[in-house]
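# Structure at a glance
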Amino acid sequence: EAALSCVPCDPGFFCPEGSSAQLPASCPAGFYNGNASTTLESLDDCVGCALGSFCAGGAAQPTACAPGSIAPSANMSACELCPKGHYAASRTACEECEAGTYAASEGLSLCTPCPHPLSSSSGDVTCSTCKEGFYLLDGTNGDPADI
């Protein structure tokens, strides 16, 4: 019969008191090590990522969302891109583009003004209407790239 012995934890792991196994010394995605020390002593030291930032997990600290992307809730492991027709008004919320502007792609931090004399409704992905006093000729779609 083998004798019981206590073995030191390997670097990169932690061993809670009474444990019979090593646990990875890293926080899960959406969390980061909130302990002032550099080593994680317990998963209780993992703190949820705040709104507007993401935590990839492991040893990564919170990272602010890039312009055009948001983290609308806590504990996110990645930021989300704002959809077409919307822009990132902050790091936590997307808003519809106002009438007269558009967002043709995902992940924009600003809406693009429609070129004169084209216009758009709020939340549009292209400028497909004419401003007052103008009309659309030949059924063109009014895409600013066609101007």
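Look up a bit, the structure's there.
This text gives an overview of the structure that appears in the document. (Residues numbered from 1 in each chain as written. Predicted model: local features only at pLDDT ≥ 70, side-chain atom pairs only at ≥ 80, totals over all residues. Heavy atoms only, no water.)

Among all residues except glycine, the phi angle is most often negative; among peptide bonds, the trans geometry is most common. Look at the link from His 116 to Pro 117: it is a cis peptide, with omega at 5°. Mapped onto the fold, Pro 117 is located in the loop between strand S12 (112–113) and strand S13 (118–119). (Helix = DSSP H or I, 4+ residues; strand = E, 2+ residues; numbered from the N terminus.)

The next thing to look at is the state of the cysteines. Tallied over the full model, the rule gives six disulfides. Each sulfur of the disulfide joining Cys 27 and Cys 46 lies 2.2 Å from the other. The S-S bond linking Cys 27 to Cys 46 shows a torsion near -95°; that makes this disulfide left-handed. Pair noted here: Cys 27 is in the loop between strand S2 (23–24) and strand S3 (31–33) and Cys 46 is in strand S4 (residues 46–48), with a separation of 19 residues, a long-range link. Taking relative accessible area as the criterion, Cys 27 reaches 3% and is therefore assigned buried. (Disulfide = S-S within 2.5 Å. Buried < 20%, exposed > 50% of the residue type's maximum accessible area, 1.4 Å probe, protein only.)

Along the chain, Ser 119 turns up in strand S13. Accessibility expressed as a relative area gives 15% for Ser 119, which makes it buried. Leaving out residues up to four positions away in the same chain, Ser 119 has contacts with Gly 100, Cys 114, Cys 127, Ser 128, Thr 129, Cys 130 and Lys 131. (Contact = heavy atoms within 4.5 Å.)

This part takes up the environment of Cys 55. One can find Cys 55 in the loop between strand S5 (53–54) and strand S6 (63–64). Sequence-wise, Cys 55 and Ala 29 are 26 residues apart; in three dimensions their C-alpha atoms are separated by 5.9 Å. Those residues in contact with Cys 55 that sit more than four places away from it in its chain are Ala 29, Gly 30, Phe 31, Tyr 32, Cys 49, Pro 62, Met 76 and Ser 77.

Looking now at the layout of surface pockets. What the largest pocket holds in volume is close to 250 Å³. Residue lining of the largest pocket: 13 residues in total, with Cys 6, Val 7, Ser 19, Ser 20 and Ala 21 positioned closest to the centre. When the residues that make up the lining of the largest pocket are grouped by side-chain class, the tally is seven nonpolar, five polar and one charged. (1 Å grid on protein atoms, 1.4 Å probe; cavity = no way out; pocket = protein on both sides within 12 Å on 5 of 7 lines; lining within 4 Å. Points joined across faces, edges and corners; volume = space filled by probe spheres on them. Nonpolar A, V, L, I, M, F, W, Y, C, P; charged D, E, K, R; others polar.)

Positionally, Pro 115 belongs in the loop between S12 and S13. Taking the C-alpha atoms as reference points, Pro 115 and Gly 100, 15 residues apart in sequence, are found 8.8 Å from one another.

Along the chain, Asn 33 turns up in strand S3. Taking the C-alpha atoms as reference points, Asn 33 and Cys 46, 13 residues apart in sequence, are found 4.7 Å from one another.

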